[in-house]
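Okay, here's what each chain looks like letter by letter:
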Amino acid sequence: MKAQIKISKDSVISKIDDRIYSSFIEHLGRAVYGGIYEPGHATADDMGFRQDVMELIKELNVPMIRYPGGNFVSGYNWEDGTGDKALRPRKMELAWGSIETNEVGIDEFQEWAKRASSDIMMAVNLGTRGADDARNVVEYCNSKTDTYYANKRRENGFDEPFNIKLWCLGNEMDGDWQIGTKRAGEYARLACETAKLMKMVDPSIELVACGSSGPFMETFGEWEETVLREAYNHVDYLSLHSYYGNPENNSQEYFGSAVIMDKFIKDVIAICDKVKEEKKSDKKIMLSFDEWNVWFHSNEQDKKQEPWQVAPPLLEDMYNLEDAIVVGDLMIALLKNSDRVKVACLAQLVNVIAPIMTVTGGGVWKQTIFYPFKYTSLNGRGTALKADIECESFTEGKAVDIPAVDAVAVISDDESEVSVFAVNRKIGEDAEIELSLEGFEGYKLTEHVSMEGDDLKAGNSIDEPDKVTPVEKCIDGSIVLTGGSWNYLKFKK
Ligand code: AHR
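All figures in this text were calculated on a predicted structure; none of them were measured in a lab.

**Some thoughts on helix 3 (residues 131-142)**
Turning to step 1, where the next piece is worked out: Counted at 1.5 Å a residue, the expected span for helix 3 with its twelve residues is 16 Å, and the 16 Å between its end C-alpha atoms agrees.
Turning to step 2, where the next piece is worked out: Taking burial as the measure, the twelve residues of helix 3 include ten buried ones, the bulk of the element.
Turning to step 3, where the next piece is worked out: Contact partners of the buried residues in helix 3: helix 2 (106-115), strand 6 (119-124), helix 4 (148-155), strand 7 (166-169) and helix 5 (184-201).

**Overview of the sheet that holds strand 7**
Turning to step 1, where the next piece is worked out: Read around the closed barrel, the eight strands follow the order 2-3-6-7-8-9-10-11; overall the barrel is parallel. Averaged over neighbouring strand pairs, the angle between their axes works out to 30° when direction is ignored.
Turning to step 2, where the next piece is worked out: Alignment of strand 2 (residues 22-24) against strand 3 (residues 64-67), held across two bridges, turns out to be parallel. Among the inter-strand pairings, F24 is bridged to a residue of strand 3, identified as R66.

**Examining the sheet that holds strand 21 (residues 471-472)**
Turning to step 1, where the next piece is worked out: Taken in spatial order, the nine strands of this open sheet run 21-20-23-18-17-14-1-19-22, and their pairing is mixed. With partners counted over all chains shown, the strands left at the sheet margins are strand 21 and strand 22 (479-481), one partner each.
Turning to step 2, where the next piece is worked out: Pairing between strand 17 (residues 405-411) and strand 18 (residues 417-424): seven bridges, direction antiparallel. Residue D406 lies in a different strand from strand 18, and its bridge partner there is V423.
Turning to step 3, where the next piece is worked out: Along the sheet face, helix 10 (residues 321-336) touches strand 1 (2-15), strand 14 (383-390), strand 17, strand 18, strand 20 (444-451) and strand 23 (485-492) and points at about 55° away from the line of strand 17.

**Some remarks on the packing of helix 3 against helix 4**
Turning to step 1, where the next piece is worked out: Close contact between helix 3 and helix 4 brings their axes to 7 Å; oriented N to C, the two are set at 45°. Judged by the inter-axis angle, helix 3 sits oblique to helix 4. Handedness of the crossing formed by helix 3 with helix 4: right-handed. Contact residues: helix 3 offers N136, E139, Y140, C141 and N142, while helix 4 offers Y148, Y149, A150, K152 and R153.
Turning to step 2, where the next piece is worked out: Here the contact of helix 3 with helix 4 is composed, by residue class, of five nonpolar, two polar and three charged.

**Digging into the nonpolar core**
Turning to step 1, where the next piece is worked out: Formed by 119 residues in total, the largest nonpolar core has its most connected members in I36, W112, W167, Y187, F289 and W292.
Turning to step 2, where the next piece is worked out: Broken down by element, the residue count for this core peaks at eleven residues, all from helix 10.
Turning to step 3, where the next piece is worked out: Discounting chain neighbours no more than four positions away, the residues touching I36 are I25, A31, G48, F49, R50, V53, I57, F109, W112 and V350.
Turning to step 4, where the next piece is worked out: Counting residues in each nonpolar core, the second largest holds 25 residues, with F394, A407, L437 and L481 among its members.

**Focus: the site of the ligand**
Turning to step 1, where the next piece is worked out: Residues in contact with the ligand amount to 13 residues; listed here are only the nearest, E26, N71, E172, Y243 and E291.
Turning to step 2, where the next piece is worked out: One nitrogen or oxygen atom from the main chain of N71 is found 2.9 Å from an oxygen atom belonging to the ligand.
Turning to step 3, where the next piece is worked out: One of the side-chain N or O atoms of N171 is found 3.0 Å from an oxygen atom in the ligand.
Turning to step 4, where the next piece is worked out: About the coverage of the ligand: the protein hides 96% of its 290 Å² of free accessible area.
Turning to step 5, where the next piece is worked out: When its residues are assigned to classes, the shell around the ligand shows six nonpolar, four polar and three charged.

**Examining a nonpolar patch on the surface**
Turning to step 1, where the next piece is worked out: A contiguous nonpolar patch, built from M92, L94 and W308 and spanning about 350 Å² of accessible area, is present on the exposed surface.
Turning to step 2, where the next piece is worked out: Here M92 is to be found in strand 4 (residues 91-93).
Turning to step 3, where the next piece is worked out: Under the relative-accessibility criterion, M92 is labelled exposed at 57%.

**Observations concerning the side chain of E225**
Turning to step 1, where the next piece is worked out: Secondary-structure assignment places E225 in helix 6 (residues 222-231).
Turning to step 2, where the next piece is worked out: Take E225: its relative accessible area is 16%, and that puts it in the buried class.
Turning to step 3, where the next piece is worked out: Among the polar contacts listed, one links the side chain of E225 to the side chain of R229, at a separation of 2.8 Å.
Turning to step 4, where the next piece is worked out: Residues within four places of E225 in sequence aside, it is in contact with I271, K274 and V275.

**Digging into the pairing of strand 10 (residues 286-294)**
Turning to step 1, where the next piece is worked out: Within strand 10, nine of the nine residues are buried, which leaves the element mostly enclosed by the surrounding structure.
Turning to step 2, where the next piece is worked out: Sheet analysis places strand 9 (residues 237-244) next to strand 10, joined by seven bridges and oriented parallel. Bridging from a neighbouring strand, Y244 pairs with V294 of strand 10.
Turning to step 3, where the next piece is worked out: Where strand 10 meets strand 11 (residues 341-346), four bridges bridge the pair, whose relative direction is parallel. Looking across to strand 11, one finds that L287 is bridged to V341.

**Some remarks on the side chain of S450**
Turning to step 1, where the next piece is worked out: Note that S450 resides in strand 20.
Turning to step 2, where the next piece is worked out: Using a relative accessible area of 0% as the deciding quantity, one classes S450 as buried.
Turning to step 3, where the next piece is worked out: Apart from residues no more than four positions distant in its own chain, S450 is found in contact with P470, V471, K473, W486 and N487.

**Describing helix 4**
Turning to step 1, where the next piece is worked out: Residues Y149, A150 and R153 constitute the buried set of helix 4. The buried residues of helix 4 occupy an angular sector of 105° when projected down its axis, which confines them to one face. Of the residues in helix 4, the exposed ones pointing more than 90 degrees away from the buried face are Y148 and E155.
Turning to step 2, where the next piece is worked out: On its buried face, helix 4 sits against helix 3.

**Brief notes about the packing of helix 3 against helix 5**
Turning to step 1, where the next piece is worked out: Running from amino to carboxyl end, helix 3 crosses helix 5 at an angle of 25°, the nearest separation of the two axes being 9 Å. Considering the angle they form, helix 3 stands roughly parallel to helix 5. In this structure, the crossing between helix 3 and helix 5 has a hand that is right-handed. Facing helix 3, whose interface residues are A131, A134, R135, V138 and E139, helix 5 presents L190, E193, T194, L197, M198 and V201.
Turning to step 2, where the next piece is worked out: Residues belonging to the contact of helix 3 with helix 5 are distributed by class as follows: seven nonpolar, one polar and three charged.

**Structural notes on the pairing of strand 3**
Looking along a regular strand, one sees side chains alternate from face to face of the sheet.
Turning to step 1, where the next piece is worked out: The alternating pattern of strand 3 places M64 and R66 on one face and I65 and Y67 on the opposite face, and all of these are buried.
Turning to step 2, where the next piece is worked out: Between the parallel pair strand 2 and strand 3, the chain is carried across by helix 1 (residues 51-60), and the sense of this crossover is right-handed.
Turning to step 3, where the next piece is worked out: Taken together, the four bridges between strand 3 and strand 6 define a ladder with parallel strand orientation. If you follow R66 over to strand 6, its bridge partner there is M121.

Conventions we followed
- Residues numbered from 1 in each chain as written.
- Predicted model: local features only at pLDDT ≥ 70, side-chain atom pairs only at ≥ 80, totals over all residues.
- Heavy atoms only, no water.
- Helix = DSSP H or I, 4+ residues; strand = E, 2+ residues; numbered from the N terminus.
- Expected span 1.5 Å × (residues − 1).
- Buried < 20%, exposed > 50% of the residue type's maximum accessible area, 1.4 Å probe, protein only.
- Contact = heavy atoms within 4.5 Å.
- Pairing = 2+ DSSP bridges.
- Axes fitted to C-alpha atoms, helices over the stretch in contact; angles between N-to-C directions.
- Parallel < 35°, antiparallel > 145°, perpendicular 65-115°, else oblique.
- Left-handed = near helix turned anticlockwise from the far one by under 90°.
- Nonpolar A, V, L, I, M, F, W, Y, C, P; charged D, E, K, R; others polar.
- Core = buried A, V, L, I, M, F, W, Y, C linked by side-chain atoms within 4.5 Å.
- Near = heavy atom within 4 Å.
- Polar contact = N/O pair within 3.5 Å; in protein donor to acceptor, adjacent residues only side chain to side chain.
- Areas by Shrake-Rupley, 256 points an atom, 1.4 Å probe, with all protein chains shown as cover.
- Patch = residues over 30% accessible without salt bridge, like charges linked within 9 Å, V, L, I, M, F, W, Y side chains within 5 Å.
- Salt bridge = Lys/Arg side-chain N within 4 Å of Asp/Glu carboxyl O.
- Arc of directions from axis to C-beta.
- Right-handed = clockwise from strand over helix to strand, strands pointing away.

Purely geometric stuff here, so don't read any function into it on its own.
Rendered as C-alpha cells:
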C-alpha cells in the first residue's frame, strides 16, 4: 500500500511535558523487593539498591515515578515505611494478598529516586484513611516547619524536605477491587477536602483527582463529572488508567489499541471541558494518564500464587514483539494528545508488567517493550507536531475504523532534529511512505529503526535477552514501514 505523511512546522500540537515519559513502582510482587531493592545482591549499593537495575532505568530516562501504588496505597500506612527499620511492622497487604515487610518506604524510596535522577509522584491513601493522614504525609515530605511530622523526618535523618510536587488523591476509587471503594459523590467530597488540606500544608504541590478506573467501567463518565463538579478548583489533573491486551489472539484487532486509547483521551477531555463551561472557569484540567501498558499475559498464572508470601512473582507479563509495537503506538497516541496529557506513567517499571526484568539473586534483562519506550523517551522531547496522513483504513473487531498508518513528529528544542514516530498496523502489508517535511529545508533522514519481525510472538528472556531488538533500516531514499511495525525516523539539519 501507499501512504502519505505530511508534517509542517506550523502544525504544533504542544510543547511536550517531559513527565509524559514517567513510570510507576508499586509495592506489588517483585517490583520493590527483588526488583529495585535487594541487599546482598552482587550489584547492591550501600542502601541495598540494585545497580544493574538502576543502569537500565537510567537508560530509559524516566523523569518521574509514581509510588507506592496502585491498589496497594489504599490500605497503606505511610508511617510504616519510615524511621528505624528494625521497628517497622510486618503486615498483611490486602490489595495483592502478600506480606509487606516495610523494609522500603518513603525514607528509602526518595533516596533511590534521587539516585535514579527521577522525581516522585506520590499517592495518598483514600481507601482506609483520609484527609488527616494525607496532610501529615505532605508535612513529613515537604515541610520546613518546626512541627511534629517535619521533625519526625529530621529525626529519621533527613533535614532537607523531599520536595514531592505531584500527588495522587487515592487510586482507582470506583473499582470494587479497591480497598475502601467509594461512590462518586463520596469520593468527590473526600478528594475535595483532602486536596484543600494538602494544599494548605504546601500550596506549591499539584494534585491529581482519580478518574474512573477505566473506560469499561459502568461509572465512567458520570464519575468524572461528579468529581470535577465538586473538586474543580482544588485539583490540577484528572487521572486515566487503561491496559490493553490480546487475550483472544487476534493480533490485527490488537493493533487497533491506540485508536481506542485516543478515543478514551478525547472522551475525558470533553468531560473536563464540559465542567469547565458549566463553571465558567478559566482553568483547564489537564490529564494524568498515570497507568497505561499492555497487561494480560500473567492473569492466569497469578491465580495460582499462594497468598501471604513476601514479594511473590505477580503480574510478570512476558512481552513479545506485537506488544512492543502496541506500546510504541500507544506512545504515539499520548504524544498526539500532549496538549492535554501532561503526565503519563508506563505501568510499571520493574518486574511487574515491566520493561525491565530481574532474576532475584541473578541478572537483569530487557523486555521487548523496553525499546519503543526508550526511543520515544530519548527522542520525543521538545514540541509535538501533528502528522497529516492519507492512508487506507480497515475495520477490525471493536475499533470501528483503524487507519493502517499513524504517526506524530517531535522537533527538538534547538530545532536540530525532527523525530517521527510511526506505525504500520496492517499485518503483512508494507506501506511505501511519501513523507514531506514542510518548513524543514535541509533536514535529512539519518536514522530509521523499527520493531518488526516475522514472528510477532517472539520475546526476550534471561536466556535469550536479545532475541527481539530494534532493527536498523537501510537509508536509501525510500521509506517503507513494514506491515505490522513500529518505527522511529530521525531527520537532522
Ligand atoms: O498496575 C497494576 C494495578 O493496576 C494497580 O495497582 C492498579 O491501580 C491497577 O488496577
